[in-house]
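Coordinate analysis (summary)
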Amino acid sequence: MKAQDLKVGSEIEIISNLSEEKMNVPMIVKIDRVSNSYIWFKYSGFQRVGINTINKYPELYKIISID
């Protein structure tokens, strides 16, 4: 699965460093909007991410499902 295949309703897992006590916390988010360059979702601290970024950093972004 590639980030170019993502659609509204797809789910991705984001690894984020929220604080020193909770390092590398995985969060699953649902995609709200998709363009040729970005995907948007609702998550504290993040709102969008580039499609190339998802493909470039598989250790930080994991595609869970494509709806």
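To keep things clear, this report deals only with the structure shown in the data block. (Residues numbered from 1 in each chain as written. Predicted model: local features only at pLDDT ≥ 70, side-chain atom pairs only at ≥ 80, totals over all residues. Heavy atoms only, no water.)

1. Remarks on the overall build of the protein
Condition: The way it works is that DSSP assigns letters per residue, a run of H or I at least four long becomes a helix, a run of E at least two long becomes a strand, and they are numbered from the N terminus. Throughout, exposure labels follow a simple rule: accessible area from a 1.4 Å probe, protein chains only, divided by the maximum for the residue type, with under 20% read as buried, over 50% as exposed, and the rest as partly exposed. Any two residues having at least one pair of non-hydrogen atoms within 4.5 Å are treated as being in contact. Only the protein chains shown count as cover for residues, with accessible areas throughout obtained via the Shrake-Rupley method and a probe of 1.4 Å.
Across its full length, the protein holds one helix and five strands. Along the protein, from the amino end to the carboxyl end, the secondary structure elements read β-β-β-β-α-β. Buried residues in the protein amount to 33% of all 67 residues. The long-range share in the protein, meaning contacts at least 24 apart out of those at least 6 apart in sequence, stands at 45%. If you sum the accessible surface of the protein, you get close to 4,700 Å²; carbon and sulfur atoms cover 48% of it.

2. Re the nonpolar core
Counted only if it meets this: Working definition of a nonpolar core: buried Ala, Val, Leu, Ile, Met, Phe, Trp, Tyr and Cys residues. They are joined through side-chain atoms within 4.5 Å.
Residues Leu6, Ile12, Ile39, Phe41 and Ile54 are the most contacted members of the largest nonpolar core, which totals 14 residues. Those elements that provide at least two residues to this core are strand S1 (11-16), strand S2 (25-34), strand S3 (38-43), helix H1 (51-56) and strand S5 (61-65). With three residues, the single largest contributor to this core is S3. Not counting residues within four places of it along the chain, the set of residues in contact with Leu6 comprises Ile12, Ile31, Val34, Ile39, Ile54, Ile63 and Ile66.

3. As for the side chain of Glu13
By the element assignment, Glu13 lies in strand S1. Among all residues touching Glu13, those that are not within four sequence positions of it are Pro26, Met27, Ile28, Leu60, Tyr61, Lys62 and Ile64.

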